[in-house]
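Take a look at the letters that make up each chain.
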Amino acid sequence: MTWASALAVVMTAIMMFFLAVNSFQAVLLMLAVPELWSHWQLADDEYFHTLVGTEALPPISVVATLHDGHAHAPALARMLLELQYPRHEVVLVNDSTGEGVSETLRTLTSEFDLYQVPPAFTVNLRTQPVRAYYRSRTYPRLLCIDKEPGGRGDAINAGLNASRYPHALAVWHNIVFERDALLRLTRPFLLDRSVVAVGGILRPANGAYIEDDRLVAPGVHGWALGSQTIEYMRNFLFQRLGWNRLASNLIFPGNTVLFKREHVFGVGGFDPDVGIPGVDLDIRLHRHLTDKGINPSMPVIPDQIAWAQVPEDLAGIARARRSWQRDLLRSLRQASPVFGNPEFGAFGMLAVPYFWVAIIVAPFVELAGYVGLVVGAATGALDAPFIVAYLAAVIGYGILLSVWTVTLQLLTFQRTARQREIWRLFFFAVVESLGYRQLMAWYRASAYFVDRPQTVQDHG
């Protein structure tokens, strides 16, 4: 076999690989349609609306992590306190550096009239030492914790220790919630006792503003932000809805997950040594609950419940993607007993293998394909019909999926969108696969060699 024929065989295998991956993603998008239909039927249920307004709703502890330099900490606290929900508390964890009371804590004390209180709870998770606990005289539902630095996971664990309620939501400082976010996240818990965690939809909201007590996101502007918006729609909305129909979701990479504290305590809490805590928690929960004879359900709801600031420059995007990729690989390695194990149902047989193939392996295969395509085209080893077929399978299929994603978004959530905004979304659905996707493949593949942190803790 000559090198040219060997290259053709390899390139054919890569093309078939992406045909399979893209076709599976197409199945997920199609399965999102009946999931959306079920959601609409539930939204129209009058009995359910009555139930949502009663004391049947479980009380919730919202745990938010803070660090030095967050001058907007008071605004974050007020936003969380003003969420529409019958009974919830807000726990702010100041995971600061330096000695004494940080500037963040001084600002919170001035704004909310904090006073120190003794701890009155059982410590279920080990954390870095806590300096002090503070209650607010003006907002009794607000608890502030000042502790030694230990990273986001450690800060969340400290907040969960001090929380009063059985359900909890862990959030970062850059998340802005819709006013009814907690009401929406709670619904699956009322309908199914097997539900142990619920994920919501997080969307980019750079430049968003508040109008009539509602957060208004501006139009999509700029190549980086527009491409990320399409990426979020495809990967964190419709694909996750499709997974609801196939297997329990891997839902913790975001910051909009409501879970039961008792289950998190059972697996030792959030890992403080993970840069983006929570990616590993989903897998540990599946293993822990399955071993106890519980078939856990972790659905994602289609409601757009929160918005986040995302990086708009390539350097920031690269850091975020590489960090997430490293944490996901670490978590999937820990999930080796789950991989292909029928004991864990569709989660072990489908979900975990898919994330290995489509997220960990695919970037390397994609980059190798581009190199092979250039070499084959330059040397004549690959003819024009094959090159066209390859680009259609790898890039054209991806564009088709993105266009279908935007179409679903407009039909379900943005029926009143302005025509200019509609065309802009379709434009980025095409552009996202022509440059942005290739950059993401490089960032993800290079995550194991470039910008590796000296320590895996993330204090930002």
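Just so you know, these numbers come straight off a predicted model, no measurement behind them.

**Here we look at the overall build of the chain**
Part 1: Of the regular secondary structure elements, the chain holds 13 helices and 12 strands.
Part 2: Taking all 460 residues of the chain together, 55% fall into the buried category.
Part 3: In the chain, the proportion of contacts linking residues at least 24 apart, taken out of those at least 6 apart, comes to 79%.
Part 4: Accessible area of the chain: about 19,700 Å², with a carbon and sulfur share of 59%.

**Comments concerning the packing of helix H11 (residues 345–379) against helix H13 (residues 419–445)**
Each packed pair of helices is defined by two parameters, the angle between the axes and the distance between the axes.
Part 1: Orientation of H11 relative to H13, taken along the N-to-C sense of each, is 115°, at an axis distance of 9 Å. Considering only the axes of H11 and H13, their crossing is left-handed. On the side of H11, the interface is formed by Ala358, Ile359, Pro363, Phe364, Glu366, Leu367 and Tyr370, while H13 contributes Arg437, Gln438, Ala441, Trp442, Arg444 and Ala445.
Part 2: A per-class count over the contact of H11 with H13 returns 9 nonpolar, 1 polar and 3 charged.

**Quick notes on the sheet that holds strand S1 (residues 60–66)**
Part 1: Across the sheet, 10 strands lie side by side as S3-S4-S5-S2-S1-S6-S11-S8-S12-S7; this open sheet has mixed pairing. Looking at strand neighbours, the two that pair on one side only are strand S3 (114–117) and strand S7 (175–177), the edges of this open sheet. This sheet shows a mean twist of 30° between the axes of neighbouring strands, independent of strand direction.
Part 2: As judged from the 3 bridges shared by strand S8 (residues 197–204) and strand S11 (residues 257–260), these two strands associate in the antiparallel manner. Paired with Ala197 across the two strands is Phe259, which belongs to S11.
Part 3: Running over the sheet, helix H5 (residues 152–162) touches S1, strand S2 (88–95), strand S4 (130–136), strand S5 (142–147), strand S6 (167–171) and S11 and is turned about 135° from S5.
Part 4: Of the strands in this sheet, S1, S2, S6, S7, S8, S11 and strand S12 (300–308) are in contact with helix H6 (residues 181–191), which crosses S12 at around 155°.

**Re the pattern of salt bridges**
Part 1: Within the structure shown, the criterion is met by 13 salt bridges.
Part 2: Here Glu35 makes a salt bridge to Arg245, at a shortest N to O gap of 2.7 Å. Taken together, the residues Glu35 in helix H1 (residues 3–43) and Arg245 in helix H7 (residues 223–246) connect sequence positions 210 residues apart.
Part 3: You can call Arg245 partly exposed: its relative accessible area is 39%.

**Some thoughts on the nonpolar core**
Part 1: Of all hydrophobic cores here, the largest spans 40 residues; its most connected members are Leu80, Leu92, Leu108, Leu114, Leu142, Leu169 and Phe177.
Part 2: Broken down by element, this core gets its largest block of residues, 6 residues, from helix H3 (residues 73–81).
Part 3: Setting aside anything within four residues of it in sequence, one finds Leu108 in contact with Leu66, Ala73, Pro74, Leu92, Asp113, Leu114 and Cys144.
Part 4: With 28 residues, the next largest nonpolar core counts Val117, Ala155, Ala162 and Leu285 among its residues.

**Notes on a nonpolar patch on the surface**
Part 1: Among the surface-exposed residues, Val27, Met30, Val33 and Trp404 lie close enough to one another that they form a single nonpolar patch of about 330 Å² accessible area.
Part 2: Mapped onto the fold, Met30 is located in helix H1.

**Brief notes about the environment of Met11**
Part 1: Counting through the fold element by element, Met11 comes out in helix H1.
Part 2: Judged by relative accessible area, which is 1%, Met11 ranks as buried.
Part 3: Those residues in contact with Met11 that lie beyond four places of it in its chain are Gly369, Gly372, Leu373, Leu382, Phe386 and Tyr390.

**Re the side chain of His286**
Part 1: Structurally, His286 can be placed in helix H9 (residues 279–291).
Part 2: A residue is classified by how much of its surface remains accessible, and His286, at 3% relative accessible area, is buried.
Part 3: Reaching out from His286, the side chain makes a polar contact with the backbone oxygen of Asp282 at a distance of 3.0 Å.

**Points about the side chain of Arg437**
Part 1: Mapped onto the elements of the fold, Arg437 is located in helix H13.
Part 2: Within polar-contact distance, the side chain of Arg437 engages the backbone oxygen of Val394 at 2.9 Å.
Part 3: The contacts of Arg437, once residues within four sequence positions are left out, are Phe18, Glu366, Tyr370, Val394, Gly398 and Glu432.

**Observations concerning unusual backbone geometry**
Part 1: Of note in the backbone geometry, Asp113 takes a positive phi value of approximately 55° without being a glycine.
Part 2: Inspection of the secondary structure assignment puts Asp113 in the loop between helix H4 (103–112) and S3.
Part 3: Judged by relative accessible area, Asp113 falls into the partly exposed class, the value being 34%.

**A word on the packing of aromatic side chains**
Part 1: The final tally for this structure, using the stated rule, is 15 aromatic pairs.
Part 2: Considering the side-chain rings of Phe121 and Tyr133, the 5.3 Å spacing of their centres and the 75° angle between planes classify their relative orientation as edge-to-face. Residue Phe121 is located in the loop between S3 and S4, and its partner Tyr133 is located in strand S4; the two are separated by 12 residues in the primary sequence.
Part 3: On the accessibility criterion, Tyr133 (12% relative accessible area) is buried.
Part 4: An aromatic cluster is defined as three or more aromatic residues linked by ring pairs; in this entry it consists of Phe24, Trp243, Tyr354 and Phe355.

**Quick notes on the packing of H7 against helix H10 (residues 314–334)**
Part 1: Where H7 meets H10, the axes come as close as 10 Å, and the angle between the chain directions of the two elements is 30°. When the axis of H7 is compared with that of H10, the two are roughly parallel. In the packing of H7 onto H10, the handedness of the crossing is left-handed. In this structure, H7 contributes Trp223, Ala224, Gln228 and Glu231 to the contact, and H10 contributes Leu314, Ile317 and Arg321.
Part 2: Looking at the contact of H7 with H10 residue by residue, the classes come out as 4 nonpolar, 1 polar and 2 charged.

So, how was this worked out
Residues numbered from 1 in each chain as written. Predicted model: local features only at pLDDT ≥ 70, side-chain atom pairs only at ≥ 80, totals over all residues. Heavy atoms only, no water. Helix = DSSP H or I, 4+ residues; strand = E, 2+ residues; numbered from the N terminus. Buried < 20%, exposed > 50% of the residue type's maximum accessible area, 1.4 Å probe, protein only. Contact = heavy atoms within 4.5 Å. Areas by Shrake-Rupley, 256 points an atom, 1.4 Å probe, with all protein chains shown as cover. Axes fitted to C-alpha atoms, helices over the stretch in contact; angles between N-to-C directions. Left-handed = near helix turned anticlockwise from the far one by under 90°. Nonpolar A, V, L, I, M, F, W, Y, C, P; charged D, E, K, R; others polar. Pairing = 2+ DSSP bridges. Salt bridge = Lys/Arg side-chain N within 4 Å of Asp/Glu carboxyl O. Core = buried A, V, L, I, M, F, W, Y, C linked by side-chain atoms within 4.5 Å. Patch = residues over 30% accessible without salt bridge, like charges linked within 9 Å, V, L, I, M, F, W, Y side chains within 5 Å. Polar contact = N/O pair within 3.5 Å; in protein donor to acceptor, adjacent residues only side chain to side chain. Phe/Tyr/Trp six-rings, centres within 6.5 Å; stacked < 30°, edge-to-face > 60°. Parallel < 35°, antiparallel > 145°, perpendicular 65-115°, else oblique.

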